[in-house]
Amino acid sequence: MEYTTRPDSGNQLVIAIDCDEVIVETVGPILRHYNKQYGADLPAPLEPKHYYNGTPYDWGVANDPQEGARRVEAYTQSDEFAALTPEETAVAAIRRLAAQHSIHIVTGRREDQLAAITQQMVDTYLPGCIDGIHYTSYFNEQQRQDKSVICERIGANVLIDDHAKHLNTILAMNDECPAPAMRRIVHTILFGDYPWQLCPDERDSRIISCPTWSAVERTIAQIAQGEGITELDSTH
């Protein structure tokens with residue numbers, strides 16, 4: 001179910017924001033729990049080629065490759081995972097942005113498993129700031145949606161994500177529009193500085209890199225004002 005608090009906000013931009021590693025850190029806690037619970041030795045953060053997809057040997061489940069995924073899934077439904085708190089800088093920035101724009105969370109989480117704790121996080125830390133929570137169920141092939149589809153449905157002008165592949169898909173969708181005059185430009189912001197992020201020469205040059213929330217806020221202000229944006233503008 002999509003969660004909406006202010007359907008008629010009339011704000012200037014519609015901003016879609018990923019949840020995990022953008023609003024709240026989850027990879028580190030997942031790996032620390034896994035290592036402690038199962039005696040594994042997974043590095044945190046994982047190297048790019050190992051991100052969530054390490055070999056069965058890495059996860060200590062060589063005889064049953066799916067067991068690693070089941071263990072992680074069990075942890076994400078635990079009280080410990082539910083108690084993870086958003087980054088303070090993210091909360092402060094989103095509150096400021098919500099005063100001027102319409103904010104949506106577009107997350108790869110599974111709605112059937114994590115909707116309740118995600119909504120609780122929003123109600124606790126971002127009350128009245130979020131106009132919708134949308135789940136793509138990235139790790140469930142039967143339920144999976146593409147973030148580009150959701151962004152199109154909600155009329156997003158901006159997508160903020162820690163994975164360049166989702167941003168690349170948004171840009172490809174823009175390019176494939178058969179009527180250029182009807183294209184709605186979706187600005188793409190790659191958040192953070194994580195080892196799984198593609199090198200600059202491996203991602204679309206139109207993606208704006210913002211390693212911090214202060215950089216995100218400056219970039220959003222430029223987008224709202226219709227200014228040109230350079231990599232230098234967004235990285236300080």
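As a starting point, this report considers the structure included with it.

Parameters and conventions
Residues numbered from 1 in each chain as written. Predicted model: local features only at pLDDT ≥ 70, side-chain atom pairs only at ≥ 80, totals over all residues. Heavy atoms only, no water. Salt bridge = Lys/Arg side-chain N within 4 Å of Asp/Glu carboxyl O. Helix = DSSP H or I, 4+ residues; strand = E, 2+ residues; numbered from the N terminus. Buried < 20%, exposed > 50% of the residue type's maximum accessible area, 1.4 Å probe, protein only. Contact = heavy atoms within 4.5 Å. Axes fitted to C-alpha atoms, helices over the stretch in contact; angles between N-to-C directions. Parallel < 35°, antiparallel > 145°, perpendicular 65-115°, else oblique. Left-handed = near helix turned anticlockwise from the far one by under 90°. Nonpolar A, V, L, I, M, F, W, Y, C, P; charged D, E, K, R; others polar.

### Some words on the pattern of salt bridges
Next, step 1: Counted under the stated rule, the structure contains 10 salt bridges.
Next, step 2: For E67, the salt bridge goes to R71, with nearest N and O atoms at 3.4 Å. A residue pair is termed a helical-turn pair when its members lie 3 or 4 positions apart in one helix, as E67 and R71 do in helix α2 (residues 65–76) at 4 residues.
Next, step 3: The exposure class assigned to E67 is partly exposed, which follows from its relative accessible area of 24%.

### Overview of helix α4 (residues 88–98)
Two residues of an α-helix separated by three or four positions point the same way, owing to the 3.6 residues in each turn.
Next, step 1: Those residues of α4 lying buried are A90, V91, A93, I94, L97 and A98.
Next, step 2: Residues of α4 that are buried make contact with β1 (14–17), β2 (102–107), α5 (111–125), β3 (130–135) and α8 (213–224).

### A look at the packing of helix α6 (residues 147–154) against helix α7 (residues 164–176)
Pairs of packed helices are described in terms of their axes, by the angle between the two and the distance that separates them.
Next, step 1: α7 packs onto α6 with a crossing angle of 55° between their chain directions and a minimal axis gap of 8 Å. Compared by their axis directions, α6 and α7 come out oblique. Considering how the two elements wind past one another, α6 and α7 form a crossing that is right-handed. Touching K147, S148, C151 and E152 of α6 are H166, T169, I170 and M173, all from α7.
Next, step 2: The residue inventory of the contact of α6 with α7, partitioned by class, reads 3 nonpolar, 3 polar and 2 charged.

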